[in-house]
Amino acid sequence: MKIILLGAPGAGKGTQAKRLESDFGWPQISTGDLLRDAVSKKSKLGLKAKSIIDRGNLVSNDLVLEIIKERVAQEDTFSGFILDGFPRNIDQALDLEILFSSLSKKIDRVIYLKVDHDILMKRLTGRRTCSVTGKLLNIYFSPQRDIDECINSGGKLLQRSDDNEETIGKRLDVYNLETSPLIDFYEKKECLFVISAENEVEKVYSELLVSLEIS
Ligand code: AMP
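Please read all numbers here as calculations on a predicted model, not as lab measurements.

What to know about the overall build of the protein
Stage number 1. Along the protein, the regular secondary structure elements total ten helices and eight strands.
Stage number 2. Relative to a compact globule of 215 residues, whose C-alpha radius of gyration would be 17 Å, the protein shows 17 Å and is just as compact.
Stage number 3. When each of the 215 residues of the protein is scored for burial, the buried share is 45%.
Stage number 4. Long-range contacts, defined as pairs at least 24 residues apart, comprise 70% of the intrachain contacts of the protein with a sequence gap of at least 6.
Stage number 5. Computed over 31 positive and 34 negative side-chain charges, the separation of the two mean positions in the protein equals 4 Å.

Digging into the sheet that holds strand β1 (residues 2-6)
Stage number 1. Read from one edge of the open sheet, five strands run β2-β3-β1-β4-β8, paired in parallel fashion. The open sheet has two edge strands, β2 (28-30) and β8 (192-196), and neither has a second partner. Along the sheet, successive strands turn relative to each other by an average axial angle of 25°, direction set aside.
Stage number 2. Pairing between β1 and strand β4 (residues 109-114): four bridges, direction parallel.

A closer look at the side chain of N89
Stage number 1. Its place among the elements puts N89 in the loop between β3 (81-84) and α5 (90-103).
Stage number 2. Since its relative accessible area comes to 8%, N89 is described here as buried.
Stage number 3. Engagement of the side chain of N89 in a polar contact is seen with the backbone nitrogen of Q92, the distance being 2.8 Å.
Stage number 4. When neighbours within four sequence positions are excluded, N89 is seen to be in contact with L58, N61, E178 and L182.

Thoughts on the state of the cysteines
Should the sulfur atoms of two cysteines be covalently bonded, the bond is a disulfide.
Stage number 1. Enumeration over the complete set of coordinates arrives at one disulfide.
Stage number 2. One disulfide in the model links C130 with C150; its S-S distance is 2.4 Å. Negative torsions about the S-S bond denote left-handed disulfides, and the value of about 90° found for C130 with C150 makes this one right-handed. Of the two residues, C130 sits in strand β5 (residues 127-130) while C150 sits in helix α7 (residues 144-152), which places them 20 residues apart along the sequence. The residues C130 and C150 share a single accessibility class, namely buried.

What about the packing of helix α8 (residues 165-179) against helix α9 (residues 181-188)?
Stage number 1. Between α8 and α9, the least distance of the axes is 6 Å, while the angle of their chain directions is 35°. Taking contact as the criterion, the partners of Y175, N176, L177, E178 and T179 in α8 are, on α9, P181, L182 and I183.
Stage number 2. Among the residues making up the contact of α8 with α9, the classes are represented as five nonpolar, two polar and one charged.

Description of unusual backbone geometry
Stage number 1. Across the junction of F86 and P87, the peptide omega takes the value 0°, indicating a cis bond.
Stage number 2. Looking at the element boundaries, P87 is found in the loop between β3 and α5.
Stage number 3. Even without a glycine there, the phi angle at K42 is positive, about 55°.
Stage number 4. In this fold, K42 is placed in the loop between α2 (31-40) and α3 (44-55).
Stage number 5. Taking the relative accessible area as the measure of exposure, K42 reaches 63% and is therefore exposed.
Stage number 6. The phi angle at E213 is positive, at roughly 60°, despite the residue not being glycine.

Parameters at a glance
Residues numbered from 1 in each chain as written. Predicted model: local features only at pLDDT ≥ 70, side-chain atom pairs only at ≥ 80, totals over all residues. Heavy atoms only, no water. Helix = DSSP H or I, 4+ residues; strand = E, 2+ residues; numbered from the N terminus. Rg over C-alpha atoms; globule rule 2.2 N^0.38 Å. Buried < 20%, exposed > 50% of the residue type's maximum accessible area, 1.4 Å probe, protein only. Contact = heavy atoms within 4.5 Å. Lys, Arg positive; Asp, Glu negative; His and termini not counted. Charge placed at Lys NZ, Arg CZ, Asp CG, Glu CD. Pairing = 2+ DSSP bridges. Axes fitted to C-alpha atoms, helices over the stretch in contact; angles between N-to-C directions. Polar contact = N/O pair within 3.5 Å; in protein donor to acceptor, adjacent residues only side chain to side chain. Disulfide = S-S within 2.5 Å. Nonpolar A, V, L, I, M, F, W, Y, C, P; charged D, E, K, R; others polar.

What follows is the structure in structure tokens.
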């Protein structure tokens, strides 16, 4: 199954994509993760992208298209994948259509994870990753035992450099301006499924499976 997960930063795209990946083996393709990986390796691409990411702006369409092209050419994506964070504007969606028609590939589902603005802010400002387990946590929402588990195993609660209030505000503005028109774009193509993603992870996941006609 080839899936696009749409939604604002903090909507839970990464969390849901990871669940799908572990249950069905379709790799999560997160352009944000791939860019952060390039930044941490200090590659040419990473050096170009770092200041743009830290300001909350979008990296150029050409750059992310190259990343996507390379990733979907890898064999583990042939039976399916989950696009998380791409496309991020109409031009990227059009680029994707051209790329896929040249590869005779087709997106099966576009799923929009819908979350209210105030909840997004709390999810993003509270988001942390355990330095030992890599587990995603939230200082406002995660059970205390999960936070203690990380600390007691010698871990630190790491915060993404773009998860500070100023950059978060900018990322949400960019989302509203550039990414949210994609909802309309895919609705008109009659391939959009909307899920209320304010509920617990498990509940959202089970709705996601229903929309994929899996459960
Ligand atoms: P994310 O992890 O999806 O929130 O992405 C983090 C940052 O990476 C974004 O704020 C952008 O700067 C950059 N980024 C990720 N995906 C894209 C994309 N499809 N187009 C442009 N920039 C992107």
